[in-house]
Amino acid sequence: MTTSPSIQLNDGRLMPQLGLGVWQASVAQAREAVRTALECGYRSIDTAAIYENEEGVGQGLGDAGVPRDEVFVTTKLWNESQGYDEAMRALPASLDRLGLDYVDLFLIHWPAPQRGRYVDSWRALAHLRNEGRVRSIGVSNFTPAHLQRLFDDTGITPAVNQVELHPYLQQRELRHFHARFGIVTEAWSPLGQGQALNDDVIIRVARKHGRTPAQVVIRWHLECGQVAIPKSVTPERIRENFRVFDFRLDADDIAAIDDLDRNHRIGPHPDRFF
Ligand code: NAD
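Residues numbered from 1 in each chain as written. Predicted model: local features only at pLDDT ≥ 70, side-chain atom pairs only at ≥ 80, totals over all residues. Heavy atoms only, no water.

### Quick word on the overall build of the protein chain
Along its length, the protein chain carries 10 helices and 10 strands. Computed over C-alpha atoms, the radius of gyration of the protein chain comes to 18 Å, within 12% of the 19 Å expected from 2.2 N^0.38 for 274 residues, which places it in the range of a compact globule. Its C-alpha atoms give the protein chain principal-axis dimensions of roughly 55 × 40 × 30 Å. Within the protein chain, buried positions represent 55% of all 274 residues. Across the protein chain, every contact between residues at least 6 apart in sequence was considered, and the portion connecting residues at least 24 apart equals 76%. Summed over all atoms, the accessible surface of the protein chain reaches about 11500 Å², with 45% contributed by carbon and sulfur. (Helix = DSSP H or I, 4+ residues; strand = E, 2+ residues; numbered from the N terminus. Rg over C-alpha atoms; globule rule 2.2 N^0.38 Å. Buried < 20%, exposed > 50% of the residue type's maximum accessible area, 1.4 Å probe, protein only. Contact = heavy atoms within 4.5 Å. Areas by Shrake-Rupley, 256 points an atom, 1.4 Å probe, with all protein chains shown as cover.)

### Here we look at helix 6 (residues 172-181)
Given 3.6 residues to a turn, an α-helix orients residues that are three or four positions apart in the same direction. Listing the buried residues of helix 6 in full gives L174, F177 and H178. Looking straight down helix 6, one finds that the buried residues subtend no more than 100 degrees of arc, so they occupy a single side. Of the exposed residues in helix 6, the ones pointing more than 90 degrees away from its buried face are E173, H176, A179 and R180. Summarising the contacts, the buried residues of helix 6 are in contact with helix 5 (144-154), strand 8 (160-164) and strand 9 (184-188). Positive phi shows up at G182, right after helix 6, with a value of about 70 degrees. (Arc of directions from axis to C-beta.)

### Focus on the site of the ligand
Taken together, 26 residues surround the ligand, and among them D46, S140, S189, L191 and N241 come closest. Within the backbone of W23, an N or O atom sits 2.9 Å from an oxygen atom of the ligand. N141 has a polar side-chain atom sitting 2.9 Å from an oxygen atom of the ligand. When isolated, the ligand has an accessible area of 840 Å², and the protein chains bury 87% of it. When atoms are counted within 2 Å of each cavity's grid points, the one that captures over half of the ligand is the largest pocket. Top element by residues in the shell around the ligand is helix 9 (residues 235-242). It accounts for three residues. Its residues assigned to classes, the shell around the ligand comprises 11 nonpolar, 10 polar and five charged. (Near = heavy atom within 4 Å. Polar contact = N/O pair within 3.5 Å; in protein donor to acceptor, adjacent residues only side chain to side chain. 1 Å grid on protein atoms, 1.4 Å probe; cavity = no way out; pocket = protein on both sides within 12 Å on 5 of 7 lines; lining within 4 Å. Sits in = over half its atoms within 2 Å of the grid points. Nonpolar A, V, L, I, M, F, W, Y, C, P; charged D, E, K, R; others polar.)

### Here's the deal with the pattern of salt bridges
On inspection of all chains with the given rule, the structure shows 17 salt bridges. For D104, the salt bridge goes to R68, with nearest N and O atoms at 2.9 Å. Placement of D104 in strand 6 (residues 103-108) and of R68 in the loop between helix 2 (54-64) and strand 5 (72-77) is noted, with a sequence separation of 36 residues between them. For D104, a relative accessible area of 10% puts it in the buried group. On the accessibility criterion, R68 (22% relative accessible area) is partly exposed. Where R239 meets E236, a salt bridge forms, and the shortest distance between an N and an O atom there is 3.6 Å. In this pair, R239 and E236 are both assigned in helix 9, three residues apart and thus about one turn of the helix distant. Residue R239 is classed as partly exposed on the basis of its relative accessible area, which comes to 33%. Accessibility expressed as a relative area gives 41% for E236, which makes it partly exposed. (Salt bridge = Lys/Arg side-chain N within 4 Å of Asp/Glu carboxyl O.)

Written out as structure tokens, the structure reads:
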């Protein structure tokens, strides 16, 4: 069976470069999508406490019967659970819902700077990692200023920053910042929630390779060196999104897609969401 290549994190662990996202999936949909994904070769699943489907993810993992140490599971600390004590309690609650005794990656979901607690939360994540209940720790939706604050106050660098990233929002400066500090960039809404799939440039590149627009956009992420977690609950699309390891984009294709950047954000700005 085909598997995704992995990226080495700054703590030495490996993370699959392509995974399945399950935002806005119900418990039943998440269960089914996770089972389908694992059966066709995915080995990474991205959920969060706020998605209210961690139970379904856990059930899907159980249904597929893939050994625990072969699957990379990510969940996230919700904004209302920020703070040291709150985060220390939130992780066991997530593990309980997932039916797991550890997650591979635990992320602070948003910096929510108005709450003023992300540094305290980060200290809790470091503690949880030392206890072994999470293998790697990271953040999501952090800007360079938020990351700098973590470095300055704790000296602990996140392994991953999961941010909105697609052909219309390419996050070049942030990616350079990550590269400088050895942080892996993980793309959420990697398909631009479907928007990028109707783009003429993407459609042209897809026709040229005899592929679908989704496969071209996912391939672009892989060749840029970031992790991507496209979401679907449709079995055929889940499979389609994973059939991307047997072709490559050429320099012209990459340049054409790079040109689509227009700083178009779908989600909220990290400084203004809490
Ligand atoms: P996405 O870019 O993955 O787009 C998903 C949508 O694209 C699907 O709902 C479907 O409509 C369409 N689609 C998927 N595959 C397709 C295909 N092959 N052909 C045609 N259409 C297809 O958007 P997303 O769900 O927002 O992001 C992916 C994942 O990222 C989420 O499920 C979640 O795990 C994560 N995420 C994280 C954050 C965060 O704040 N950290 C925010 C949003 C999403």
